[in-house]
Amino acid sequence: MDIRAAIAAERRELADLLDALSPEQWDAPSLCAGWRVREVAAHMSLGFRYSFPKIAAELLKARGSLHRMTDRCARKDAATLSPAALAAALRDNAHHPWTPPVGGFESALGHDVVHGLDIAVPLGLDRRVPEDRLRVLLAGITPRGAKFFGADLDGVALRADDLDWSYGTGTPLRGAAQDLLMVAFGRKLPPGRLHGEARSRFATA
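What counts, and at which threshold
Residues numbered from 1 in each chain as written. Predicted model: local features only at pLDDT ≥ 70, side-chain atom pairs only at ≥ 80, totals over all residues. Heavy atoms only, no water. Helix = DSSP H or I, 4+ residues; strand = E, 2+ residues; numbered from the N terminus. Buried < 20%, exposed > 50% of the residue type's maximum accessible area, 1.4 Å probe, protein only. Contact = heavy atoms within 4.5 Å. Arc of directions from axis to C-beta. Salt bridge = Lys/Arg side-chain N within 4 Å of Asp/Glu carboxyl O. Pairing = 2+ DSSP bridges.

Let's shift gears to the environment of His111. For His111, the location among the structural elements is in helix 8 (residues 104-123). Overall, the relative accessible area of 15% leaves His111 in the buried class. Taking the C-alpha atoms as reference points, His111 and Thr99, separated by 12 residues in sequence, lie 8.9 Å from one another. If we ignore the near neighbours within four places in the chain, the residues touching His111 are His43, Met44 and Trp98.

Shown next, in the form of C-alpha cells:
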C-alpha cells in the first residue's frame, strides 16, 4: 500500500465527515477525555498549522509537557477557528509530510484514523476505515505502543470479528477490527461494541 496516498485519502474523507456535522455535533463529547469534537479536529491539524518554532514556544509555555501543550493548543484553536476552517485544514493538507515525533508515516496514518474514530464513534456515525489502512495499523500494535497510549491489554486476547486478525493471549475480547484498534490505542468504547468477559473493562460508563 502507498502509505502517503492512504494518509491523503484519510484526511480528505475526514474533512468531508467534518463538513457534514451539525453545530450540536461539533460540541458533542469525543472519545478523547475532556475534548469535544472541535478540540479533536483542532488537534488533528496542529502539525500543519504550527511551525517548528511555534511548537517549541508552546512547549516551553507548557514547561516541557507535550500533553499540556497539545491540550492547551487544542482548546485555544477550537475556540478561535471555525468548523469550516478546521475541516479545510485537513483537506488542504492532505499531502502534508507531517509525522508524529516517533513512528514515521505509519504513525501519521494512525493519528488520523484513531482521531477520526474518536469523533465518529461517539456520534454514532458509520465510519468504516478501509481494510488496507486498518491492516497497516493493526500490524504495528506492540506492547510498548499499547503502554504508551495507556492501554492495559494484560491477560486479554484481541480477536477481530470482521478480519482474520488477533493479538495477545488470554481472555478473548471480540469486536470489529477498528474497534479493537481503538482499544489498543487506549480508548474505551460505548457499551455493545465489544464482546467477551473483559468487555466492561474497555467500555465507557
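We are not done yet, so read on.
The complete set of buried residues in helix 9 (residues 131-139) reads Arg133, Leu134, Leu137 and Leu138. Seen end-on, helix 9 carries its buried residues on one side only, within an arc spanning 130°. Turning to helix 9, the residues buried within the fold contact helix 1 (3-19), helix 8 and helix 11 (177-184).

Now for the pattern of salt bridges. For the structure on display, the rule yields 20 salt bridges. The partner of Asp77 in a salt bridge is Arg49, with the nearest N and O atoms 3.0 Å apart. Taken together, the residues Asp77 in helix 6 (residues 66-80) and Arg49 in helix 4 (residues 46-49) connect sequence positions 28 residues apart. Given a relative accessible area of 27%, Arg49 falls into the partly exposed group. Where Asp152 meets Arg201, a salt bridge forms, and the shortest distance between an N and an O atom there is 3.5 Å. Here Asp152 is found in the loop between helix 10 (143-148) and strand 1 (156-160), whereas its partner Arg201 is found in the segment after strand 4 (194-195), with 49 residues between them in sequence. The class for Arg201 is partly exposed, based on a relative accessible area of 33%. Through salt bridges with shared partners, a single network forms among Glu10, Glu13, Arg127 and Arg133.

Right, let's talk about the sheet that holds strand 1 for a bit. Taken in spatial order, the 4 strands make up an open sheet running 2-1-3-4, and their pairing is mixed. Of all the strands in the sheet, just strand 2 (166-167) and strand 4 have a single pairing partner and so form its edges. Sheet topology note: the strand 3 (residues 171-175)/strand 4 ladder contains 2 bridges and is antiparallel. Across the sheet, the residue bridging to Arg174 is His195, located in strand 4.

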